[in-house]
Amino acid sequence: MKYNNKIFIDELKKTVKEQDCKKILFVSSGEYDRFGYRKAIDEIGIPCIVFTDFEPNPEVSSVMKCVEILRSACCDFIVTVGGGSAMDVAKAVKYYAKSDIKILAVPTTAGTGAEVTRFAVLYNCGDKESVSSYDIIPNYQIFDYKTLLSLPYEQRVVTGLDAFCHSVEAYWSINATDESREYSAKSLELFSEYYLKYLDGDESALEPMMKCSELAGRAINIARTTAPHAMSYKLHKLKGFIHGQAVAICLAYIWQYMLENCETAELELLLAEVEVISGYTPESFKELLCSLHLCDDLTVTQSQLDECISGVNIERMQNHPMKFDVTDVENIYRSFLTVENN
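Heads up: these notes are all about the structure in this document. A quick note: this is a predicted structure, and the numbers were derived from the prediction, not measured. Numbering of residues starts from 1 in each chain and follows the order in which that chain's sequence is written. At least 70 in pLDDT is required for a residue's local features to be given in this predicted model, at least 80 for side-chain atom pairs to be given and counted, and no such filter applies to totals for whole chains, interfaces and linings, which use all residues. With hydrogens and water set aside, each side-chain value is computed from the structure's full complement of heavy atoms.

Going along the chain from the N terminus, every DSSP run of H or I of four or more residues is numbered as a helix, and every run of E of two or more is numbered as a strand. Expected span of a helix: the number of residues minus one, times 1.5 Å. Taking 1.5 Å per residue, 13 residues should reach 18 Å; helix α3 (residues 60-72) reaches 19 Å between its end C-alpha atoms and fits that length. At its buried positions, α3 is contacted by β1 (24-28), β2 (48-51), β3 (77-82), α4 (84-97) and β6 (123-124). Looking one or two residues beyond α3, the residue adopting positive phi is Cys74, at roughly 55°. Whether two residues touch is decided by their heavy atoms; if any such pair falls within 4.5 Å, the residues are in contact.

Take the pattern of salt bridges next. By convention in these notes, a salt bridge is any Lys or Arg side-chain nitrogen within 4 Å of a carboxyl oxygen on Asp or Glu. What the rule picks out here adds up to 15 salt bridges. Lys14 serves as the salt-bridge partner of Glu18, at 2.8 Å between the closest nitrogen and oxygen. In this pair, Glu18 and Lys14 both sit in helix α1 (residues 6-19), four residues apart, roughly one turn of the helix. A single burial state applies to Glu18 and to Lys14, both of which are exposed. In this structure, the salt-bridge partner of Asp127 is Lys234, at a minimum N-O distance of 3.2 Å. Between buried and exposed lies partly exposed: a residue is buried under 20% and exposed over 50% of the maximum accessible area for its type, with that area taken using a 1.4 Å probe on protein chains only.

Computed from the structure, the largest pocket encloses a volume of approximately 970 Å³. Definitions used for this entry: grid spacing 1 Å over protein atoms alone; cavity, a set of points where a 1.4 Å probe fits but cannot get out; pocket, an open set with protein on both sides within 12 Å along at least 5 of 7 lines; lining residue, one with an atom within 4 Å of a point. Around the largest pocket, the lining comprises 44 residues; the ones closest to its centre are Pro56, Gly83, Gly84, Ser85 and Thr112. When residues of the lining of the largest pocket are traced back to their parent elements, those giving at least two are β3, α4, α5 (153-172), α8 (227-239) and α9 (243-261). Per-element accounting of the lining of the largest pocket gives the leading share, five residues, to α5. Grid points are joined across faces, edges and corners, and a volume is the space filled by probe spheres set on the points.

Tracing the sequence through the fold places Ser213 in helix α7 (residues 206-223). Using a relative accessible area of 1% as the deciding quantity, one classes Ser213 as buried. Whenever two N or O atoms come within 3.5 Å, that pair is a polar contact, provided that in protein one can donate a hydrogen and the other can accept it, and provided that, for residues adjacent in sequence, both atoms are side-chain atoms. Side-chain polar atoms of Ser213 contact the backbone nitrogen of Gly111, separated by 2.8 Å. In this structure Ser213 touches Ala110, Gly111, Thr112, Gly113 and Ala163, once residues within four positions along its chain are discounted.

With that settled, consider the pairing of β3. Of all six residues in β3, six are buried, a share of seventy percent or more. Side chains of β3 alternate between two faces, with Phe77, Val79 and Val81 and Ile78, Thr80 and Gly82 buried alike. Of the strand pairs in this sheet, β1 and β3 are connected by five bridges, and their pairing is parallel. Looking across to β3, one finds that Ile24 is bridged to Phe77. Note that β3 and strand β4 (residues 103-107) share five bridges and pair parallel. Paired with Gly82 across the two strands is Pro107, which belongs to β4. Handedness of the β-α-β unit built from β3, α4 and β4 comes out right-handed. A pair of strands is labelled paired if DSSP reports no fewer than 2 bridges between them. Whether a crossover is right-handed depends on one test, that the path from the first strand over the helix to the second runs clockwise when the strands point away from the viewer.

Listed below in structure tokens is the structure:
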């Protein structure tokens, strides 16, 4: 596939030249040069070390390999091109290396917003083990929306939903500010107008969806995520769901549970605002997920359900506007999971 992204390549060259760096660490996924950014660095004439040896859900061990490469090769600038995984690896490398090295991020998906957040989502033997620091937010971003042309339909579906969930969760988070809610509202407006066009392959939706993802990232960078993300990780691991699918399913049913069990006028108003701004109700959002065939297999064993419940990230739950206990968590899971005997 041919990409007419010269304007973005030129932006990369200009930014890199301004750094006066001696050697670049280039963090990307397997097909690392299909967009031309690695070639652009060669054209500038700066030595470059490529790191692609990491998982779709990056393990801490892989990050530490990259830290060793950064140190042994004496790299003094990082360029990362890819989805959330590549950007999280680059950010985590800076974190574990305890370095002030600068990062330039080129996102190639519309969903994670990792290019503007302080979080790096990592795993340790399959269990989530993330890091957070304002120091690891990439210093530069290039929003080459034309890279979205390469995304398979399935990835467009789930990454776009991740951006939606980020925006909704940031909006109702107890840490929300006027600034974060402004980001959320703008992101949700773009999602409502362009998501289905994006799935249909309408190229006019590429730039707005990239912006939707960025704004959602800026929102969670302030307000953080809430219960849907906290309840999604074990589901993601046990069912093999892609992250955006697991989070979206959890959000739909948590949203419904909140409406049915709302006890304060303040929360009732907040949930009404979410419906108006997003253009969705819990029911219509569930209908969207079903139409995208994301709810076709929601069967678990009793032991898997128990693992989901025990594996909920309590810290993330504290950002949620309604306090949940273990019984609430179990009730929510049971509202959408079919539990079979072991």
